Amino acid sequence: SRADDPRRVVEQINEAVRYSPVSARYKVYILDEVHMLSTPAFNALLKTLEEPPPHVKFVFATTEIRKVPITILSRCQRFDFKLISTVRLAEHLEGILKTEKIKATPDAVRLIARQAAGSVRDGLSLLDQAIAYVAPETLTAEVTADVLGVADRRLLVELAGAALDRDAATALRLIARA
C-alpha cells in the first residue's frame with residue numbers, strides 16, 4: 001500500500017499483520033526508504049516489531065541507516081549490501097546482453113560498468129539508456145561514451161600530458177576535438 005501519510009501506512013500494516021496469510025506461509029512487508037518514516041510512524045511500528053506474529057516478515061531497505069532509530073534497529077537483523085567490482089558488474093551485464101541477444105563490444109560494457117561505480121541498479125539503467133540509443137545496431141564504446149557523456153580516457157590522458165608540458169596549443173586542439 002502506498003500513501004502520502006507514513007503513519008497511516010504503518011497503521012494499515014499493524015492492522016493487517018493480525019491476519020494469517022491466505023495462500024502463503026508468510027506475509028512479507030517491504031518498506032523501501034524506511035528512513036523516511038516519521039518518529040510517530042516508527043513508534044507506531046515498534047509494538048509490532050517487538051512481538052511480530054510468526055507469519056509476518058518485514059524487510060526494511062534504506063540508504064541512510066543512521067536515520068533509522070536505534071529502537072527499530074535493535075529489533076532487526078541487518079544486512080549491509082556492498083558495491084560490486086567493475087569486472088563482476090561487466091560480467092553480469094554481458095550475461096544480460098547475451099540472454100537478450102543484444103550485440104555490444106567488450107569496451108562498451110566495461111565503460112558502462114565503470115560508470116555504474118559498483119551499483120547493479122545504475123549499471124542496468126545506463127545499459128538501458130545505451131541500448132535505447134543504438135538499437136538494433138551493435139553497442140560500441142564510442143556510442144556509449146556519447147550517450148553517457150563520458151570523455152574518452154585517451155583524450156583525458158593526452159590533455160593531462162599537454163597541460164603538464166604547458167603545451168596550450170595541443171590542449172586547445174584536444175578540447176576542440178572533444
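If you're wondering where the values come from, they're calculated on a predicted model, not measured in any experiment. (Residues numbered from 1 in each chain as written. Predicted model: local features only at pLDDT ≥ 70, side-chain atom pairs only at ≥ 80, totals over all residues. Heavy atoms only, no water.)

The next thing to look at is the packing of aromatic side chains. Tallied over the entire structure, the rule returns 2 aromatic pairs. With 5.9 Å between their ring centres and 40° between their planes, Phe58 and Phe60 make a pair best called tilted. Three or more aromatic residues joined by ring pairs make a cluster, and in this case those are Tyr29, Phe58 and Phe60. (Phe/Tyr/Trp six-rings, centres within 6.5 Å; stacked < 30°, edge-to-face > 60°.)

Structurally, Lys27 is set in strand β1 (residues 27-32). Of the polar contacts made by the side chain of Lys27, one reaches the backbone oxygen of Ala16; its length is 2.8 Å. One polar contact links the side chain of Lys27 to the main-chain carbonyl oxygen of Tyr19, over a distance of 2.9 Å. (Helix = DSSP H or I, 4+ residues; strand = E, 2+ residues; numbered from the N terminus. Polar contact = N/O pair within 3.5 Å; in protein donor to acceptor, adjacent residues only side chain to side chain.)

Attention shifts here to helix α2 (residues 39-50). Between its first and last C-alpha, α2 extends 16 Å over 12 residues, near the 16 Å set by a 1.5 Å rise per residue. The set of residues buried in α2 consists of Ala41, Phe42, Ala44, Leu45, Leu46, Thr48 and Leu49. For α2, the elements touching its buried residues are α1 (6-16), β1, β2 (56-61) and α3 (70-73). (Expected span 1.5 Å × (residues − 1). Buried < 20%, exposed > 50% of the residue type's maximum accessible area, 1.4 Å probe, protein only. Contact = heavy atoms within 4.5 Å.)

So far we have only geometry, and geometry alone does not tell us how the molecule works.
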